[in-house]
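Structural features, examined
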Amino acid sequence: MLFFISKLFKSESIMSLKQQLVEHRASFLAKVPKDLQEIMAQATDDLSNSGIEAKAPKIGDKLAHFSLPNQNGEQLSLSALLSNGPVIVTFYRGGWCPYCNLELRAYQQLLPEIKEKGATLVAITPELPDSSLSTSEKNGLAFEVLTDKNGDYARELGLLFTLPEELRSIYESFGISLEAHNGKGQFDLPLAATFTVDAEGVIKSAFVTADYTQRQEPTEVVSLLD
């Protein structure tokens, strides 16, 4: 029995983020009515077809400066982070998003390796500090989670979109209230995006997608630090 448990734990620990995302998506869709699935899929297609991904920062660009509060209300700037070396910047929608939580936990597992390579990891979200603190505690995160209030920084980068009204009621039916996390009247969210930035602030890798069920593999991001 102990061997089985050890083997199971090892299997889960080495499962790629992509595998975890695929399994969660399949499990989720098995519980969701077809008509709602079609509305959600169409919204993702519409967002992708809007051309928003093409507006995002690209490899070779300098990542725009930011100064944002962390989950404890302390201001952190990109320039201060870069003074310590390369920075991985990943955007997530909120602690209510299971795909985001899977990504955050995958990065947490690799945090020792990221630090060994002299890099810093930060996650940016439109969630207000109280919510981002809950997300950080829930996932046992030991890296900074920064609040991009009203999505102003994501908007500057061309990553921000407004959740369509037809999806808001669907989210509510799932028990997700964006206003409870982001503030009254706030329905703007960032694309799933991750940037690796060198010590000079230049983007060395960029992953941006309108499909919130997809993420860049964290092991791939870490390998780019070499």
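In case you missed it, the structure is sitting above this.
Reference entry: report on the structure contained in this document. What you see is a predicted model, and the numbers here were worked out from it, not measured in a lab.

1. Notes on the packing of helix H2 (residues 17-29) against helix H5 (residues 98-116)
In contact at an axis separation of 10 Å, H2 and H5 are set at 160° when each is read in the N-to-C sense. The orientation of H2 relative to H5 falls into the category roughly antiparallel. Here H2 and H5 pass one another in a crossing that is right-handed. Residues Leu-17, Gln-20, Leu-21, His-24, Arg-25 and Phe-28 of H2 touch H5, and the partners they reach there are Pro-98, Tyr-99, Leu-102, Glu-103 and Ala-106.

2. A word on the packing of aromatic side chains
As enumerated under the stated definition, the model contains 6 aromatic pairs in all. Seen from their ring centres, Phe-28 and Phe-174 are 5.5 Å apart, and the 80° between their planes marks the pair as edge-to-face. Separated by 146 residues along the polypeptide, Phe-28 in helix H2 and Phe-174 in the loop between helix H8 (165-173) and helix H9 (178-182) bring together distant segments of the chain. According to the relative accessible area criterion, Phe-28 is partly exposed, its value standing at 22%. Phe-174 sits in the partly exposed class, given a relative accessible area of 33%. Between Phe-91 and Tyr-153, the ring centres sit 6.1 Å apart and the planes meet at 20°, which makes this aromatic pair stacked.

3. Re the side chain of Asn-70
Relative to the elements of secondary structure, Asn-70 occurs in the loop between strand E1 (67-69) and strand E2 (75-77). Only 3.0 Å separates the side chain of Asn-70 from the side chain of Glu-144, close enough to count as a polar contact. The residues contacting Asn-70, other than those within four sequence positions of it, are Leu-76, Pro-129, Glu-144, Val-145 and Leu-146.

Conventions we followed
- Residues numbered from 1 in each chain as written.
- Predicted model: local features only at pLDDT ≥ 70, side-chain atom pairs only at ≥ 80, totals over all residues.
- Heavy atoms only, no water.
- Axes fitted to C-alpha atoms, helices over the stretch in contact; angles between N-to-C directions.
- Helix = DSSP H or I, 4+ residues; strand = E, 2+ residues; numbered from the N terminus.
- Parallel < 35°, antiparallel > 145°, perpendicular 65-115°, else oblique.
- Left-handed = near helix turned anticlockwise from the far one by under 90°.
- Contact = heavy atoms within 4.5 Å.
- Phe/Tyr/Trp six-rings, centres within 6.5 Å; stacked < 30°, edge-to-face > 60°.
- Buried < 20%, exposed > 50% of the residue type's maximum accessible area, 1.4 Å probe, protein only.
- Polar contact = N/O pair within 3.5 Å; in protein donor to acceptor, adjacent residues only side chain to side chain.

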